Amino acid sequence: FGAGQGFAGKIDIQQGGIRMTGQEAMVLASGITVESGGQLQLAETSAANINDWNMASGSLTLNGVGKATGAATIGALRFSLIAAGRSTVFHPGVVLQTDSRIDVAAAGTTATLDGVVSGAGGLISSSNNATGTLILTNAGDSYAGATQVLSGTLSITHAFLADANDVSLATGSTFNLNFGSTTDTIRSFYIDGVAQATGTWGAVGSGAAHESALITGSGLLNVTTMPIAGVPGDFNNNGVVDAADYVLWRNGGPLQNELSDPGVVTAQDYLDWRAHFGNTSGAGSALGASAVPEPASLAILASSLGLIFGASRRHGRFRER
């Protein structure tokens, strides 16, 4: 939609994307929904920046991470600021209906959401050029899901993060806790997918129990839970590697706590199960003698496996390694 285009009514982007290079279409709209696989792209022209985006009424509802195909796929909402160093403000409320990605594309640019960001989903923040900044400034921000910062900077000006949900940061990203000396409680904290210790987290020099160069600002995160990893080979996730896990593997899964090719049932999964047989939550990798199946049982099991492997390969259950 360019200058002079638009209509009074709701816009539903189910697949692909809509790019707005003028404000008219949004100013007239009474709500916009981006379904999973769709994208709303807000773009100024090369000659002039659009400083503000408004809607007649309603809110922007987001789902998913962006378009499935085509150019500039990243982001259910994408601020495609053409020239580096520009900034814009998005005034309508944003509802994260499911986990949704917002991307600030051009280098050194800033996009501010000053309406309420709410919903059951989580926020995935990114910057296509790794130096963009997304800022959330409304005191009523209240989305219930997790917060992920994949690249660029996410800055929040109020301590609103859900106590029962998580924050995940990737190396190279920045989470700016720009809410004074307040502490915001969350459940778990991850860096590059690795769960971090409980206690307070803050910027380097903040005095928090744990400090990270990925965090800036004077605010702190209070991490209450460090997830306990499952037991390798405990395919039914009941805390012990036992015969029931073998039965689940034999029946084709689905398997939890796999060491090899997660999501794919293979012969290697059996070997991993056997190597960890008897282990329980909190146990080390070494096996106690009482935990190992009797040799006779293993012999019967091994002879059965030849038949299972042959039949399973004929039926395509296992992938050749």
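One structure accompanies this document, and this report is about it.

**A look at the sheet that holds strand E22 (residues 210–211)**
- On the basis of which strands lie adjacent, the open sheet formed by four strands has the order E18-E24-E21-E22 and mixed pairing. Unpaired on one side and paired on the other, strand E18 (183–186) and E22 mark the two borders of the sheet.

**A look at the environment of Gln97**
- The topology assignment puts Gln97 in strand E9 (residues 94–104).
- Assessed through its relative accessible area of 46%, Gln97 is described here as partly exposed.
- Separated by 47 residues in sequence, Gln97 and Ala144 place their C-alpha atoms 9.9 Å apart.
- Excluding residues that lie within four positions of it along the chain, Gln97 makes contacts with Thr61, Leu62, Asn63, Ala120 and Gly121.

**Describing the pairing of strand E3 (residues 29–34)**
- Strand direction decides the pairing type here: strand E1 (residues 9–13) and E3, joined by four bridges, are parallel. Bridging from a neighbouring strand, Gly9 pairs with Ala29 of E3.
- Sheet analysis places E3 next to strand E6 (residues 60–64), joined by three bridges and oriented parallel. The residue bridging Val34 from the neighbouring strand is Leu62, located in E6.

**Brief notes about the sheet that holds strand E13 (residues 133–136)**
- Taken in spatial order, the seven strands of this open sheet run E5-E8-E10-E13-E15-E17-E23, and their pairing is parallel. Since the sheet does not close on itself, it has two edges, and those belong to strand E5 (52–53) and strand E23 (215–216), each with one partner.

**Topic: helix H2 (residues 243–250)**
- Among the residues making up H2, those that are buried are Asp245, Tyr246 and Trp249. Relative to the axis of H2, the buried residues are bounded by an arc of 100° and lie together on one face.
- Structurally, the start of H2 carries an N-cap: the backbone nitrogen of Ala244 is 3.2 Å from a side-chain oxygen of Asp242.
- With its phi angle positive at about 90°, Gly252 sits one or two positions after the end of H2.

**What to know about the side chain of Ser80**
- Structurally, Ser80 is set in the loop between strand E7 (77–79) and strand E8 (87–90).
- According to the relative accessible area criterion, Ser80 is buried, its value standing at 14%.
- Ignoring anything within four residues of it in the chain, the contact list for Ser80 reads Arg19, Gln41, Leu42, Ala43, Glu44 and Ala105.

**A closer look at the packing of aromatic side chains**
- In this structure the tally under the stated criterion is nine aromatic pairs.
- Where Tyr143 meets Phe160, the ring centres are 5.3 Å apart and the plane angle is 75°; that geometry is what we call edge-to-face. A residue pair is termed long-range when its members are at least 10 positions apart, and Tyr143 in the loop between E13 and strand E14 (147–149) and Phe160 in the loop between strand E15 (153–156) and strand E16 (167–169) qualify at 17 residues.
- With a centroid separation of 5.5 Å and an interplanar angle of 40°, the aromatic rings of Tyr246 and Trp273 are classed as tilted. Of this pair, Tyr246 sits in helix H2 while Trp273 sits in helix H3 (residues 267–275); the two residues are 27 residues apart in sequence, bridging distant segments of the chain.
- Accessibility expressed as a relative area gives 8% for Tyr246, which makes it buried.
- Taken together through their ring pairs, the aromatic side chains of Tyr246, Trp249, Tyr270, Trp273 and Phe277 make up a single cluster.

**Here's the deal with the pattern of salt bridges**
- The final tally for this structure, using the stated rule, is two salt bridges.
- Here Arg78 and Asp103 are joined by a salt bridge, their closest N and O atoms 3.4 Å apart. Here Arg78, found in strand E7, pairs with Asp103, found in strand E9; they are 25 residues apart in sequence, far enough to count as distant. Like Asp103, Arg78 is buried.
- The closest approach of N and O atoms between Arg187 and Asp166, which form a salt bridge, is 2.9 Å. Here Asp166 lies in the loop between E15 and E16 and Arg187 lies in the loop between E18 and strand E19 (189–191), a separation of 21 residues in the sequence.
- In this structure Arg187 comes out as partly exposed when scored by relative accessible area, which is 33%.

**Notes on the nonpolar core**
- In terms of nonpolar packing, the biggest core is built from 50 residues, with Ile32, Leu40, Leu60, Leu136, Phe175 and Phe189 touching the most fellow members.
- Looking at which element gives the most residues to this core, the answer is E9, with four residues.
- Ignoring anything within four residues of it in the chain, the contact list for Phe189 reads Val167, Leu169, Val194, Ala195, Gln196, Trp201, Ile215, Leu221 and Val223.
- Judged by nonpolar contacts, the second largest core, of 10 residues, contains Val231, Leu255, Val265 and Phe277.

Analysis parameters
- Residues numbered from 1 in each chain as written.
- Predicted model: local features only at pLDDT ≥ 70, side-chain atom pairs only at ≥ 80, totals over all residues.
- Heavy atoms only, no water.
- Pairing = 2+ DSSP bridges.
- Helix = DSSP H or I, 4+ residues; strand = E, 2+ residues; numbered from the N terminus.
- Buried < 20%, exposed > 50% of the residue type's maximum accessible area, 1.4 Å probe, protein only.
- Contact = heavy atoms within 4.5 Å.
- Arc of directions from axis to C-beta.
- Polar contact = N/O pair within 3.5 Å; in protein donor to acceptor, adjacent residues only side chain to side chain.
- Phe/Tyr/Trp six-rings, centres within 6.5 Å; stacked < 30°, edge-to-face > 60°.
- Salt bridge = Lys/Arg side-chain N within 4 Å of Asp/Glu carboxyl O.
- Core = buried A, V, L, I, M, F, W, Y, C linked by side-chain atoms within 4.5 Å.

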